[in-house]
Amino acid sequence: MKDKVIEVLDKVRPALQRDGGDVKLIDVTEDGIVKVELQGSCSGCPFSQMTVKNLIETELKNNIPEVKEVIGV
């Protein structure tokens, strides 16, 4: 599943990079929890948790049914 997560993150990465940010995959657990770290300007943005849930989690869940939750660390 980790390879699939990386593929989806590579698809959302350009949207983050346009705003001076990026995303780093930290972990994918066996029970479907994905841990990511926002980087660059996204890391200090007051909307970072919305980005994690509304953009990253939505895309991962839409493409990988096994993903249960995405957590920003």
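Just so it is clear, the structure is predicted and the values come from calculations on it, not from any experiment.

Participant: Describe the confidence of the model for the chain, naming the residues involved and giving the relevant values.
Facilitator: Taken over all residues, the pLDDT of the chain has a mean of 92, while the share at 70 or more is 100%. Confidence scores differ between elements of the chain, with helix α2 (residues 48–63) showing the lowest mean pLDDT of 90 and strand β1 (residues 21–28) the highest of 95.

Participant: An account of the nonpolar core is requested, with residue identities and associated values reported.
Facilitator: By size, the foremost hydrophobic cluster in this structure holds 18 residues, and its most contacted members are V5, L9, V34, V36, I56, L60 and V70. Elements represented by at least two residues in this core include exactly α1 (2–18), β1, β2 (33–40) and α2. Of the residues forming this core, the biggest block, five residues, is contributed by α1. Apart from the residues within four sequence positions on either side, V34 is in contact with V5, L25, D27, V28, L60, V67, E69, V70 and I71.

Participant: A description of the environment of G20 should follow, citing residues and the corresponding values.
Facilitator: When you line up the elements, G20 lands in the loop between α1 and β1. A relative accessible area of 45% places G20 in the partly exposed class. Taking C-alpha positions, G20 is 5.4 Å from S41, a pair spaced 21 residues apart along the chain. Residues in contact with G20, not counting those within four places in the same chain, are Q39, G40 and S41.

Criteria and thresholds
Residues numbered from 1 in each chain as written. Predicted model: local features only at pLDDT ≥ 70, side-chain atom pairs only at ≥ 80, totals over all residues. Heavy atoms only, no water. pLDDT = per-residue confidence, 0-100. Helix = DSSP H or I, 4+ residues; strand = E, 2+ residues; numbered from the N terminus. Core = buried A, V, L, I, M, F, W, Y, C linked by side-chain atoms within 4.5 Å. Buried < 20%, exposed > 50% of the residue type's maximum accessible area, 1.4 Å probe, protein only. Contact = heavy atoms within 4.5 Å.

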